[in-house]
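Commentary on secondary and tertiary structure
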Amino acid sequence: MNQLDEVVKFALYQCRARNNPITETLASYVAQTILNKRTNKFYLEEKLNESELNELKNETLNKLSNQNAPDLKTIQLQIQYDSAYVEMELQRQEKIKKQSNETGKYIDDVVTLEIKNAKDFEGLTTLYTKMFHYLIYKNKELIEDPINFDAQAQFNMDKEVGAALESVIPRAALGPFVSLNPSEKVTQLVELANLVIGIRLFNKKIGKGGVSLSSLEDLTKYNARELSDQIKQIALETIEQCEIYTTFFINQDKFQMSNEDIEKYKDELAFLRQYLSYILSLQEDIEQSEAMIEQNRIRFIKEMEDLKKLLEHKSSAPKEQVYPKFALLAQSHIGLFEDKQISIERVELFRLLVDLRKMMKLSMPLAIQKQCKQMESTQPDNLALINYQPESGVQRLLPQNTPDFMQTQLDYFGFCIWSVVKKNGLLIPGKPSLGVFRYRDKNCVFSNEIAINEFLSEPQRYLTGVIDICRQKPHLIRLFRVEENFKNLNLKLTFESGSLLSNKLMVDKDVQTPVHFIEKNLDPNYCWNEWELRRKAIQMANIRKRQTKASQTILSNFKVDSEAQVYEMKDQSTSTGQNKGLNPLRPRNYIVGLRDKTYNQQ
């Protein structure tokens, strides 16, 4: 155990003893940030002496003991939300990967099956069975509650899938499928799955099947869809709170507050800004999901109505008309099913954010908040006061000289870095109307003309100053999205599922590669069985000239022999030379050496 791990274990034990349990991730993060504040590094290059180690332990413990500190609440918010978000994404990707692997196995079973010819009954039967199993699996993927899917439902689904498969491609019509190459077979199987699902969806609509398939109402009307309005309301409330704090700091001279309270308000504002960024990000994801749900819903209804018109009073219809609509119907249903699962995950993230927000208590008095609401939080812009010189090395972007100005990505989350550096981490939003200033690939905005002029005089000072402030206030690292400047921060996020997420430590390593790469050209159709090869060789050697019937009838595709195939009369029941009654004048040939025994020819 290294010394940093010892500090983490000490903090965990002491906090647990004080009835204030914390996570190992939080303890490790705080210990590394305190170490970085002292040595500008997140790891120990040299071993600390006993006094230095004890001092690091006590400082880490004191930091973790103050659970109501706003900066510690911000770090907890970042760790818990990011951990939950990444864990959900990993679980979803693992589920998709598992389904893809299982689907690939079923497809490989169908594609790699060797059929002698189009008249091989046993081979075609096996092929048909494998295709049926593939379709069953694809339909099971759309079951919302697999636990309550009983045997009777399974039996009904099997019957529906079998009937749909028989209507699309009967067993007797598998001949053309056998002659396709592997890539064409894969394409046909994917289309076949969509057709079968589309047929079952249409049967569900007319009340003649569709067991285990969710209805359109179930996929579009659920509690998660009401989340958008709640998030908008919370976002507006949080923006209002952020404006109150911002107005307080702009008019700070009008209030007589202690430095301790001012620093506390700065950390509370940082918490609100981080919370607002998560809320807005979640709102953007939900809006995109809602747009996809609405698009798939409209397409689903349209295709279903078109199918009703085509098949309303008909027992059959041309496949050129109905097959594409069945496929689009299935794709819309699958899209709605996936969007619903993602929306449910977003509900869990939203509830987590709400719970974390309830744990944070703002300390600014209500009287001061009411005064800030009556004050102006913005000042009029005066572009004439900006002393911009092109030779300063800073590029100024304005709406009139930049076509894609509105799409310009702002660094440091759009906050004024002059306020961050000059006022010890104060978060004041910048004004893009004053221009975007690009220096060393960093797009910066500022809150006033004074901040712009000071930045233009010493741009590097402020870029470096932001990193120094983040080193002193580690809760700003993720908010400013400057993790690339803290690559050695080995933050491990361990989830309940056992997955691990960590910021990798960059080190110099030697890489050894082979000079000559050996290519492996493996033929999957190669037959390694020697006896199988001999059997095929004998079969090919015994091919006789065949001819077809002269009449062009349905039987003309069958090849028949032009001579009768009969066996020669045996002299006796045994074929040994010692039996009596054999004709001694008739020559006999015997195959020798098959069982490592020597026989003499008689």
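For clarity, every value in this text was computed on a predicted model and none was experimentally measured.

Scoring rules and cut-offs
- Sequence order as written defines residue numbering, which begins from 1 separately in each chain.
- The model is predicted, so local features are restricted to residues of pLDDT at least 70 and side-chain atom pairs to those at 80 or more, both for listing and for counting; the totals for chains, interfaces and linings are taken over all residues.
- No hydrogens and no water enter the side-chain calculation; it runs on all heavy atoms of the structure.
- Helical segments are the DSSP runs of H or I of at least four residues, strand segments are the runs of E of at least two, and each set is numbered from the N terminus.
- Contact criterion: two residues are considered in contact whenever any of their non-hydrogen atoms come within 4.5 Å of each other.
- How sure the predictor is of each residue is captured by pLDDT, a score from 0 to 100.
- Here, a strand pair is defined by DSSP locating no fewer than two bridges between the strands.
- Helix axes use the C-alpha atoms of the stretch in contact, all axes being lines fitted to C-alpha atoms, and the angles between their N-to-C directions lie in the range 0 to 180 degrees.
- We call a set of buried residues a nonpolar core when its members are Ala, Val, Leu, Ile, Met, Phe, Trp, Tyr or Cys and they connect through side-chain atoms within 4.5 Å of each other.
- Each residue gets one of three labels from its accessible area relative to the maximum for its type: buried under 20%, exposed over 50%, partly exposed in between, using a 1.4 Å probe on protein chains only.
- Side-chain rings of Phe, Tyr and Trp, where Trp is taken by its six-membered ring, are said to pair if the distance between their centres is within 6.5 Å; with planes under 30 degrees apart they count as stacked, over 60 as edge-to-face, and otherwise as tilted.
- In this analysis the charged atom, NZ for Lys or CZ for Arg, is taken to sit over a ring once it is within 6 Å of the ring centre and within 35 degrees of the ring normal.

This paragraph deals with the environment of glutamine 395. Position of glutamine 395 among the secondary structure elements: in strand E1 (residues 395–397). In this structure, the C-alpha to C-alpha distance between glutamine 395 and phenylalanine 437, residues 42 residues apart in sequence, is 5.6 Å. What glutamine 395 contacts, discounting residues up to four positions off in sequence, is Tyr388, Val436, Phe437 and Arg438.

Considering every residue of the protein chain, the mean pLDDT works out to 79; 81% of them sit at 70 or more. In this model residues 545–563 is a low-confidence stretch, pLDDT under 50, and it forms 11 contacts with partners more than four residues away in sequence or in other chains. Note that pLDDT drops below 50 for residues 577–582; the model gives that stretch 11 contacts with residues more than four away or on any other chain.

Turning our attention to the sheet that holds strand E2 (residues 436–439). Pairing within the open sheet is antiparallel, and its 3 strands lie in the order E1-E2-E3. On the outer flanks of this sheet lie E1 and strand E3 (442–444), each paired with one strand and no other. The sheet shows a mean angle of 30° between the axes of neighbouring strands, direction not considered. Direction of pairing for E2 relative to E3: antiparallel, over a ladder of 3 bridges. Its bridge partner lying in E3, tyrosine 439 is registered against lysine 442.

This brings us to the pairing of E2. Of the strand pairs in this sheet, E1 and E2 are connected by 3 bridges, and their pairing is antiparallel. Bridge pairing links arginine 396 to phenylalanine 437 in E2. Hairpin connection between E2 and E3: a loop of 2 residues separates the two successive antiparallel strands, and arginine 440 in this loop has a positive phi of roughly 55°.

So, about the nonpolar core. Counting 92 residues, the largest nonpolar core has Leu64, Phe249, Ile417, Leu427, Phe446, Phe455 and Phe480 as the members making the most contacts within it. Top element by residues in this core is helix H11 (residues 259–311). It accounts for 12 residues. Those residues in contact with leucine 427, other than ones at most four positions away along the chain, are Leu269, Ala270, Arg273, Phe415, Val420, Leu476, Leu479 and Phe480. Residues Val110, Leu124, Leu135 and Leu219 belong to the second largest nonpolar core, which totals 48 residues.

This brings us to the packing of aromatic side chains. Per the counting criterion, the structure on display carries 16 aromatic pairs. When the centroid spacing of 5.4 Å and the interplanar angle of 85° are considered together, the rings of phenylalanine 248 and tyrosine 265 count as edge-to-face. One end of the pair, phenylalanine 248, is in helix H10 (residues 227–250); the other, tyrosine 265, is in helix H11, with 17 residues separating them in the sequence. Of the two residues, phenylalanine 248 and tyrosine 265, neither departs from the other in class, the shared state being buried. Between tyrosine 412 and phenylalanine 480, the ring centres sit 6.3 Å apart and the planes meet at 90°, which makes this aromatic pair edge-to-face. With tyrosine 412 in the loop between E1 and helix H14 (417–422) and phenylalanine 480 in helix H17 (residues 476–480), this pair connects stretches of sequence that are 68 residues apart. Members of the aromatic cluster, joined through ring pairs, are Tyr245, Phe248, Phe249, Phe255 and Tyr265. Over the face of the ring belonging to tyrosine 462 we find arginine 461, whose NZ or CZ atom lies 5.2 Å from the ring centre.

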